[in-house]
Amino acid sequence: MIKICFICLGNICRSPMAEFVFKNLVTKENLQNNFYITSKGTSNEEQGNHLHPQAALELKKHNIPYNFHFASQIMANEYNDFDYFIVMDSSNYRNLQRIFQNDKNKKIFKLLDFTDNSKDIADPWYTSNFDLTYKEIEKGTKALLNHLITKYKL
């Protein structure tokens, strides 16, 4: 089983959107038994809060199923629990490396590293552009799934 944790700052916008988009892609490919997929934040600022309402609306707009979500923070002792930590931006990358103190097994990637453009996915909490965030997450999750299908011969 491939264990993936999507990471953003607060775990109410980008990382849960990526979690639900990726789960939907995996289900469409009938690969759900090959994956454990979740999301967390590097900060505890939103701990216990629900999915941002605009993020939920964006998922609904694209017919992406989602369930009840409570924001949670990634902890240092969770490094060995996952095969991949997929972050949304360079700041998440640095924060996660600081939390884990290193990435000796090279498990941390930016979501768009799997595309032809390894840029950051802007935080819609600040930009209010949930549509653009969704498009970038969709592009990144499709590329990630294609990478994993090839790598693990799924």
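Everything below is about the structure shown above.
Computed from a predicted model, the values in this text were never measured in an experiment. (Residues numbered from 1 in each chain as written. Predicted model: local features only at pLDDT ≥ 70, side-chain atom pairs only at ≥ 80, totals over all residues. Heavy atoms only, no water.)

**Side note on the overall build of the chain**
Okay, so step 1: Broken down by element type, the chain carries five helices and four strands.
Okay, so step 2: Seen in sequence order, the chain has helices and strands lined up from the N terminus as β-α-β-α-β-α-β-α-α.
Okay, so step 3: Against the compact-globule benchmark of 15 Å for 154 residues, the chain has a radius of gyration of 14 Å, which places it among compact chains.
Okay, so step 4: The C-alpha extent of the chain, read off along each of the three principal axes, is 35 × 35 × 30 Å.
Okay, so step 5: Scored against the burial criterion, the 154 residues of the chain give a buried share of 51%.
Okay, so step 6: A separation of at least 24 residues holds for 73% of the contacts in the chain among residues at least 6 apart in sequence.
Okay, so step 7: When the accessible surface of the chain is totalled, it reaches about 7,900 Å², and 47% of it is carbon and sulfur. (Helix = DSSP H or I, 4+ residues; strand = E, 2+ residues; numbered from the N terminus. Rg over C-alpha atoms; globule rule 2.2 N^0.38 Å. Buried < 20%, exposed > 50% of the residue type's maximum accessible area, 1.4 Å probe, protein only. Contact = heavy atoms within 4.5 Å. Areas by Shrake-Rupley, 256 points an atom, 1.4 Å probe, with all protein chains shown as cover.)

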